[in-house]
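Structural overview for review
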Protein chains: 2
Amino acid sequence: MSEAPKAVVLLSGGLDSTTVLAIAKRQGFTCYALTFNYGQRHKFELEAARKVAESQGVAEHIIANIDWRLFGGSALTDNIEVPKGRDAETIDQQGIPVTYVPARNTVFLSFALAWAEVVGASHIFIGVNAIDYSGYPDCRPEYIAAFQAMADLATKSGVEGRQKLQIHTPLIEMSKAEIVQKGLELGVDYALTMSCYDPSADGLPCGHCDACRLRLNGFEAAGSRDPLTYQ
Amino acid sequence: MSEAPKAVVLLSGGLDSTTVLAIAKRQGFTCYALTFNYGQRHKFELEAARKVAESQGVAEHIIANIDWRLFGGSALTDNIEVPKGRDAETIDQQGIPVTYVPARNTVFLSFALAWAEVVGASHIFIGVNAIDYSGYPDCRPEYIAAFQAMADLATKSGVEGRQKLQIHTPLIEMSKAEIVQKGLELGVDYALTMSCYDPSADGLPCGHCDACRLRLNGFEAAGSRDPLTYQ
């Protein structure tokens, strides 16, 4: 019997990445979960990621620190107020939300690429979504395709004769309701996850930021109930 | 008078990146120098980078820590012996040197991309070189072009109507001798720099690793003398 193929899975501890981890596991991959601490306000995400990784039995889980100075200028890391309420996300003049973190997915995928080479994985899973998402430029399919093309040239695996690394985006065409349904089918315990951009001091999600609203709408459209307690 | 354009310059403290910083300055850019501490054996590089950044009067210099666990499996960060001697670099079966660090330039350029957005820079300088180099896949022109294409889609600046970010590789077609000549013309003090993969405990370069040999040959071919004292 051949060994199970290995995959690096980017895991924030939120609803999407937790579902992606369950999908990768179901597809037969031995999973290496990778989480980043970049001075985000929502540190409860890190604790959620730890619980999720443990509950899903990953081979290894790394929480890597990232120098927050390189990620300044976003409502998630800086002193800008996280937008709330029915008007959803505050966007800037070019239509980009203020919660956008500069080049975040590029940095995350680059580290996944590095770690994949270290552990001998030929697969990377990332929970980007181009349907019910916040309008970040680095969640679009054309961005992922360009990263894949770059990765093919960047690494040892890009050199002829090796298995090329493959980036998987299983959620990219799914609605939030479909993501929730998929996760529930796979037995994901969403009570362990945390999506809120701005939780209370004791870790309760706000229910009003863009991430909470997308999540709550997703559960409702899926005909289910979010197991989290909100503020 | 309009403000000088800003550039993020990747600065290792070695000969190439120090020359690149001088070139960016001469071209009129206000420079933001970015150095990484990733558990490399050659920590004297970091001290060299600090001295170089100070001597060249950069606007800001960040030395960012990178989780070394994500960069395992290279002679530069792991317990593999750094190759020495006339046979130069030890390569693996696919022709990649053992000093190759997984996805290193991809991670470095990704952080440069993030910081460029933070400081409002539309330019990134990196000292990759495809002539007198060590055979790393992520030093090739086609790799840089692919990263540029990805960057165009990754960030706010990639969204229509904004100035696109531009990656500059002024050394990519230069021989090591030409790089040394260029730097000397620009008044670079190469005594501040450090290229060695495996310096002594008191910071003297070995003179025998691939980086030292390329450097010494470069000075010789340029008809000059390396100001460093070797072991």
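Description of the structure in this document. (Residues numbered from 1 in each chain as written. Chains lettered and ligands numbered in written order. Predicted model: local features only at pLDDT ≥ 70, side-chain atom pairs only at ≥ 80, totals over all residues.)

1. Thoughts on the overall build of chain A
What counts here: Counting from the N terminus, the helices are the DSSP runs of H or I reaching at least four residues and the strands are the DSSP runs of E reaching at least two. To assign burial, the other C-beta atoms lying within 10 Å of each residue's own C-beta are counted, with C-beta atoms placed from the backbone; 20 or more indicates buried, 12 or fewer indicates exposed, and intermediate counts indicate partly exposed. Any pair of residues counts as being in contact when their C-beta atoms, constructed from backbone geometry, are within 7 Å of one another.
Within chain A, the regular secondary structure consists of six helices and five strands. Ordered by position in the sequence, the α and β elements of chain A form the string β-α-β-α-β-α-β-α-β-α-α. Expressed as a percentage of the 231 residues in chain A, the buried residues total 51%. Across chain A, contacts joining residues at least 24 apart in sequence account for 71% of those joining residues at least 6 apart.

2. Here's the deal with the pairing of strand S2 (residues 30-37) of chain A
All names here are of chain A. Our working rule: Between any two strands, pairing holds if DSSP finds at least two bridges. Handedness of a crossover: with both strands directed away from the viewer, a clockwise path from the first strand across the helix to the second marks it as right-handed.
Here S2 lies mainly inside the structure; six of its eight residues are buried. Note: strand S1 (residues 6-10) against S2, five bridges, orientation parallel. From the neighbouring strand, Val8 faces S2, where its bridge partner is Tyr32. As for the winding sense of the linkage, the β-α-β connection from S1 through helix H1 (residues 15-26) to S2 is right-handed. Sheet topology places S2 next to strand S3 (residues 60-65); six bridges connect them, and they run parallel. What sits directly across from Leu34, in S3, is Ile62.

3. Here we look at helix H1 (residues 15-26) of chain B
Note: α-helices contain 3.6 residues per turn, so residues at a spacing of three or four share the same orientation. Residues and elements named next belong to chain B. Formally: Between the first and last residue of a helix there are one fewer steps than residues, each counted as 1.5 Å, and that sum is the expected span.
For H1, spanning 12 residues, the distance from its first C-alpha to its last is 17 Å, which sits close to the expected 16 Å at 1.5 Å a residue. With 10 of 12 residues buried, H1 lies mostly within the body of the structure. Within H1 the residues assigned to the buried category are Leu15, Asp16, Ser17, Thr18, Thr19, Val20, Leu21, Ala22, Ile23 and Ala24. Tucked inside the fold, the buried residues of H1 contact strand S1 (6-10), strand S2 (30-37), helix H2 (44-55), strand S4 (123-125), helix H5 (176-185) and helix H6 (210-221).

4. Examining the sheet that holds strand S5 (residues 166-168) of chain B
All names here are of chain B. What counts is decided by this rule: The axes used here are C-alpha line fits, helices contributing only the stretch in contact, and every angle between their N-to-C directions lies in the interval 0 to 180 degrees.
Strand order in the open sheet formed by five strands is S3-S2-S1-S4-S5, with parallel pairing between adjacent strands. The sheet is open, and its two borders are formed by strand S3 (60-65) and S5, each paired with just one other strand. Taken over all neighbouring pairs, the strand axes of this sheet differ in orientation by 25° on average, direction set aside. Those strands touched by H1 are S1, S2 and S4, and its axis lies near 170° from that of S1.

5. Overview of the environment of Gly203 of chain A
Structurally, Gly203 of chain A can be placed in the loop between helix H5 (176-185) and helix H6 (210-221). Taking the C-alpha atoms as reference points, Gly203 of chain A and Gln231 of chain A, separated by 28 residues in sequence, lie 9.1 Å from one another.

Keep in mind these numbers describe shape, not what the thing actually does.
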